[in-house]
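# Close look at the chain arrangement
What follows is each chain in one-letter form.
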Amino acid sequence: MSIEIESADVVRLIQQYLKESNLSRTLAVLQEETSISLNTVDSQDAFTADINNGHWDTVLKAIQTLKLPDKKLIDLYEQVVIELIELRELGAARSLLRQTDPMIVMKQSEPERYLHLENLLARSYFDPREAYPDGSTKERRRAWIAQSLAGEVSVVPPSRLLALLGQALKWQQHQGLLPPGTQIDLFRGKAAMREQEDEKFPTQLSRQIKFGAKSHIESAAFSPDGQYLVSGSVDGFIECWNFTTGKIRKDLKYQAAENFMLMEEAVLCQTFSRDSEMLATGSEGGQIFVWKIATGQCLRKFEKAHSKGVTSLQFSKDNSQLLSASFDMTVRIQGLKSGKTLKEFRGHSSYVNCVTFTPDGHQVLSASSDGTVKVWNTKTTECQNTFKSLGGAAGGDVHINSVHIMPRNMDQMVVCNRTNTVVIMNMQGQIVRSFSSGKREGGDFICCCLSPRGEWIYCVGEDFILYCFSTATGKLERTLNVHEKDVIGLTQHPHQNLLATYSEDGLMRIWKP
C-alpha cells in the first residue's frame, strides 16, 4: 500500500511552521506564490467566541493569514465598521471603511450598501434600527458571521511538521536504522543510511561488563528498538547499559543519580513492550514489576503474580497484558490495567521455563521441565496440544529450556532442551530439522536464542561453549568458548550482529562477528 502525499499538504506544514515561528513576511510570500493558504486557527471555539464577543482586534489579526471568500469578508468588515460607529470611534471606522480591500470591493459591487455605511458615519448619533434595517440585532449579526466563518477554517494540532519528523525518527530508531548515540543529520539522513547487515555469527569479544561474584546477573534483554541492554541481577538490581562502551547509561537521569530500578529478590526474567517504552521484570519471589524505562518509575506491581519464582515474561501485542511462567508449574496472564491475574493455564507437572504468544496472539506456547511443550488456547486457556520426547535419546523426561517462534516462518518453532540436540518443529509437533553439538557428554544445551531473521540458532552448552547453527545449511558452523563458569543465558540484539552472554563468573560479555 503506497501512501500518496499531496504537495499542498507539504506547503501547509511549512506554512504552519512559519506562522508558529512568527516569520510572517515569508508566510505571506509563500501563500501568494503557491495560492495555497493555511486556513487554520488555534481553536475554533476561541475564534467564534471572539466574534460573538466583538473582540475585533483579535479577529482581524487572526484572519490576516486566512483565505476567505470576498462576500464573507465584506460581511465581517461591515459589522466591525457599524460597531466602531456605535462606540463613536469614528476615525477608526472611517479608515476601515475607506482603506481596506473588502470595503473597496463593496463600494464597487454594492454601492448602496456602502453608502448606507457612509451615511451612518456622518450622523451625530447612532440608531440601531437604522444600522440594522432588516430587524436584526448586533448579537444576531455576530452569531451569524461567526457561524459563516467557522465553516471556512479548520483546527490542526500545533507543530505538525516537527511532530511528523519526530515520529519518522522514532520509527527509524525502532527499525534499528539509527543506532544509539548516533548524531543524526536530519537533512542528509546520514545516520539513517545504515543498510541492514547480513547476519553473521559472533567470533570475538566486543565488550565485557563485570559484576561482583555475589551479584552476577540472572537475566538480560535488548530492547526491540535496539537502544537499551538491560540486566537483572541476583541481588535485585535492574541496570541499563550502553552496550557500545560497556558503561552504565548516565543519560537516564535516575541512573545518573544512582536511583536504580530494584526488586526485593533475584531478577530471573525480563521483557520489553514492543514500543520499547516499558520493561517487565520477574523475581525469584513470584513478583512482577512493570517499569517505564525512560524515567525508571514503577508503573505496576504484581506482588503475588505467582507462588514461586517467575521464569519467563512476554507482553501482549497491545501492551495491555503480560504472559508469565513460573516454577509453580503454571502459566498466567496478568492484566496491566487491573493489576490482577486474568487467566491461568494449568497442566504442566514441573517447572515452566519459557512461555510465548504465537504471532497472532491466539495461542500460547510453553516449555517445561516435565519434558513437554504445550500449546494453549489464549481465550479459553484449554490445552490444545502436548509435544513430548523431543530429541531425548533415552525417551525419559528431558528438561526443556526454551521455545522460540521462527522469525521468518511463523508456523515453526525452535525447541531447546537439556540434550546435545536442538530442533525446529512445526505447530503439529513434527520435527522438521535437528542440530547436534556432536558431543556425547558434557555438551547438553543450557540456553538458546535466535538471530533476528532466524538465520542462526545460538546455543550454549554445559561446556561453556557457544554453538552457532546455520538454519540455511543445517550445519554447526562455529563454536566459541564464551565463559569459564556455568552460563546462565544469552540474548541477541534485534538488528545488529551482537550477542550478549552472562554467566555465574559475574561477567556479561558482548560478542561481535
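Look up: the structure comes first, before these words.
Residues numbered from 1 in each chain as written. Predicted model: local features only at pLDDT ≥ 70, side-chain atom pairs only at ≥ 80, totals over all residues. Heavy atoms only, no water.

We now examine the overall build of the protein chain. For the protein chain, the helix and strand inventory stands at 12 helices and 31 strands. Relative to the 2.2 N^0.38 estimate, which gives 24 Å for 513 residues, the radius of gyration of the protein chain is 34 Å and therefore markedly larger than a compact globule would have. Principal-axis analysis of the C-alpha atoms gives the protein chain an extent of 110 × 45 × 45 Å. Looking at the protein chain as a whole, 48% of its 513 residues are labelled buried. Considering only intrachain contacts with a sequence separation of at least 6, the fraction spanning at least 24 residues in the protein chain is 48%. (Helix = DSSP H or I, 4+ residues; strand = E, 2+ residues; numbered from the N terminus. Rg over C-alpha atoms; globule rule 2.2 N^0.38 Å. Buried < 20%, exposed > 50% of the residue type's maximum accessible area, 1.4 Å probe, protein only. Contact = heavy atoms within 4.5 Å.)

What follows concerns the side chain of Arg-509. If you trace the backbone, Arg-509 turns up in strand β31 (residues 507-512). Among the polar contacts listed, one links the side chain of Arg-509 to the side chain of Gln-208, at a separation of 2.7 Å. Excluding residues within four positions of it along the chain, Arg-509 makes contact with Leu-205, Arg-207, Gln-208, Val-482, His-483, Glu-484, Leu-499, Ala-500 and Thr-501. (Polar contact = N/O pair within 3.5 Å; in protein donor to acceptor, adjacent residues only side chain to side chain.)

On to the side chain of Asp-50. When you line up the elements, Asp-50 lands in helix α3 (residues 44-52). Buried within the structure, Asp-50 lacks any salt-bridge partner; Arg-142 is the closest side chain of opposite charge, at an N-O distance of 10 Å. With sequence-adjacent residues up to four places away left out, Asp-50 is seen in contact with His-55, Thr-58 and Val-59. (Lys, Arg positive; Asp, Glu negative; His and termini not counted. Salt bridge = Lys/Arg side-chain N within 4 Å of Asp/Glu carboxyl O.)

So, about the pattern of salt bridges. Inspection of the entire model under this criterion finds 19 salt bridges. Here Glu-78 ties to Arg-113 by a salt bridge, and the two come within 2.8 Å at their closest N and O atoms. Residue Glu-78 is found in helix α5 (residues 70-86), and its partner Arg-113 is found in helix α8 (residues 111-122); the two are separated by 35 residues along the sequence. For Glu-78, a relative accessible area of 9% corresponds to the buried category. Glu-130 is the salt-bridge partner of Arg-123, the closest N and O atoms lying 2.8 Å from each other. Judged by its relative accessible area of 22%, Glu-130 is partly exposed. Through salt bridges that share partners, Lys-71, Asp-75, Glu-78, Glu-110, Arg-113 and Arg-141 make up one connected network.

This brings us to the packing of α5 against helix α10 (residues 138-150). Where α5 meets α10, the closest approach of the two axes is 10 Å, and the angle between their N-to-C directions is 150°. One way to sum up the angle between α5 and α10 is to call them roughly antiparallel. The hand of the α5/α10 crossing is left-handed. Residue-level inspection shows Lys-71, Lys-72, Asp-75, Leu-76, Glu-78, Gln-79, Glu-83 and Glu-86 of α5 in contact with α10, the latter providing Lys-138, Arg-141, Arg-142, Trp-144, Ile-145, Ser-148 and Leu-149. Of the residues that constitute the contact of α5 with α10, the class distribution is four nonpolar, two polar and nine charged. (Axes fitted to C-alpha atoms, helices over the stretch in contact; angles between N-to-C directions. Parallel < 35°, antiparallel > 145°, perpendicular 65-115°, else oblique. Left-handed = near helix turned anticlockwise from the far one by under 90°. Nonpolar A, V, L, I, M, F, W, Y, C, P; charged D, E, K, R; others polar.)

Moving on: the packing of aromatic side chains. For the structure shown, the criterion picks out 12 aromatic pairs. Ring plane angle 65° and centroid distance 5.6 Å describe the contact between Phe-445 and Tyr-467, whose orientation is recorded as edge-to-face. Separated by 22 residues along the polypeptide, Phe-445 in strand β25 (residues 445-450) and Tyr-467 in strand β27 (residues 465-470) bring together distant segments of the chain. In terms of burial, Phe-445 and Tyr-467 fall into one category: buried. Aromatic rings pair up to connect Phe-435, Phe-445, Tyr-467 and Phe-469 into one cluster. (Phe/Tyr/Trp six-rings, centres within 6.5 Å; stacked < 30°, edge-to-face > 60°.)

With that out of the way, let us pick up the sheet that holds strand β23 (residues 421-426). The four strands are arranged β21-β22-β23-β24 in an open sheet whose pairing can be described as antiparallel. In this open sheet, the two strands that pair with only one neighbour each are β21 (400-406) and β24 (431-436). Strand-to-strand twist in this sheet, taken as the mean axis angle between neighbours without regard to direction, amounts to 20°. In this sheet, β23 lies alongside strand β22 (residues 409-417) in antiparallel orientation, the contact comprising five bridges. Each bridged residue has a counterpart across the sheet, and for Val-414 the counterpart in β23 is Ile-424. (Pairing = 2+ DSSP bridges.)

With that out of the way, let us pick up a negative patch on the surface. There is a patch of like negative charges on the surface, built from Glu-264, Glu-265, Glu-284 and Glu-303. Structurally, the position occupied by Glu-284 is in the loop between β10 (278-283) and β11 (288-292). We classify Glu-284 as partly exposed; its relative accessible area is 44%. (Patch = residues over 30% accessible without salt bridge, like charges linked within 9 Å, V, L, I, M, F, W, Y side chains within 5 Å. Areas by Shrake-Rupley, 256 points an atom, 1.4 Å probe, with all protein chains shown as cover. Charge placed at Lys NZ, Arg CZ, Asp CG, Glu CD.)

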